[in-house]
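Breakdown of the fold
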Amino acid sequence: MNALFLAAEEAQNPLIPHLDELVIGLIAFVIVFGILAKKLLPNINKVLEERREAIEGGIEKADEARIEAESVLEQYKAQLAEARHEAARLRQEALEQGTALKEDLRAEGQRQREEIIAAGHAQIEADRKQAALTLRQDVGKLATDLAGKLVGESLEDHARQSRTIDRFLNELEEKAEAAR
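Residues numbered from 1 in each chain as written. Predicted model: local features only at pLDDT ≥ 70, side-chain atom pairs only at ≥ 80, totals over all residues. Heavy atoms only, no water.

In the nomenclature of an unreviewed UniProt entry, the chain corresponds to ATP synthase subunit b from the organism Streptomyces finlayi. Taken directly from UniProt, the Subcellular location (unreviewed entry) text for the chain runs: "Cell membrane". (UniProt positions renumbered as here; feature names shortened; annotations may be inferred.)

Below, the structure written as structure tokens:
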């Protein structure tokens, strides 16, 4: 009856395995799980650790690259500011040099103008003296000739002629100065 009862029990619930199959399945599961835990789990952990380190290393490298980029940007900005300052200084120097050169050229032109005017005045004075001397000689000759005709004698003596001319011209100059 036991066998019949067991056969009836087996026929009644097909989902419940036999006890010996359950024990063999449990032992096989423990063996497979142990092998996987010993062999596969360290490799999985190792791969996961490597990935974690790679990700952290990538983040650190990205942070370092960002910091370096910011540093380079600051250096670039500083160099740009310095270049702008230098350009402004050079512009100012060029402006100052241009102004100084302009003033120098103006002063040189003024000096040359003054020299030309002075040379012109000197030339005019020399020409005036030459004209006065020539006029004096011509007036003296005419005065001598006229005086000779009035006096009736020849005033050929050169010394006497010079004295007469000088006296006559001096009188004319005195009259001209008195008229002023």
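Thoughts on the pattern of salt bridges
Inspection of every chain in the model, using the stated rule, returns ten salt bridges. The shortest N-O distance in the salt bridge between E86 and R89 comes to 2.2 Å. With E86 and R89 both in helix α2 (residues 19-151) and three residues apart, this pair spans about one turn of that helix. Residue classification places E86 among the partly exposed residues on the basis of a relative accessible area of 33%. Residue class for R89 comes out partly exposed when judged on its relative accessible area of 34%. In this structure, E108 engages R111 in a salt bridge whose closest nitrogen and oxygen atoms are separated by 2.3 Å. Here E108 pairs with R111, and both are found in helix α2, just three residues apart, close to one helical turn. Take E108: its relative accessible area is 31%, and that puts it in the partly exposed class. Each of the salt bridges in this network shares a partner with another, and the network as a whole consists of E49, R52 and E56. (Salt bridge = Lys/Arg side-chain N within 4 Å of Asp/Glu carboxyl O. Helix = DSSP H or I, 4+ residues; strand = E, 2+ residues; numbered from the N terminus. Buried < 20%, exposed > 50% of the residue type's maximum accessible area, 1.4 Å probe, protein only.)

Section: the packing of aromatic side chains
Aromatic ring pairs are reported here in terms of the distance separating the ring centres and the angle at which the planes meet. Applying the stated criterion to the full structure yields one aromatic pair. A centroid spacing of 6.1 Å and a plane angle of 20° characterise the contact between F29 and F33, whose relative ring orientation is stacked. With F29 and F33 both in helix α2 and four residues apart, the pair spans about one turn of that helix. Take F29: its relative accessible area is 54%, and that puts it in the exposed class. (Phe/Tyr/Trp six-rings, centres within 6.5 Å; stacked < 30°, edge-to-face > 60°.)

Brief notes about the UniProt feature "transmembrane region" (unreviewed entry) in the chain
Taken from the UniProt record, the annotation "transmembrane region" (unreviewed entry) applies to residues 22-41. Secondary structure within residues 22-41 divides into 100% helix and 0% strand; the distance between the first and last C-alpha atoms comes to 26 Å.

Notes on a negative patch on the surface
On the surface, E60, D63, E64 and E68 cluster together to form a negatively charged patch. As for its position among the elements, E64 is in helix α2. Under the relative-accessibility criterion, E64 is labelled exposed at 52%. (Patch = residues over 30% accessible without salt bridge, like charges linked within 9 Å, V, L, I, M, F, W, Y side chains within 5 Å. Areas by Shrake-Rupley, 256 points an atom, 1.4 Å probe, with all protein chains shown as cover. Lys, Arg positive; Asp, Glu negative; His and termini not counted. Charge placed at Lys NZ, Arg CZ, Asp CG, Glu CD.)

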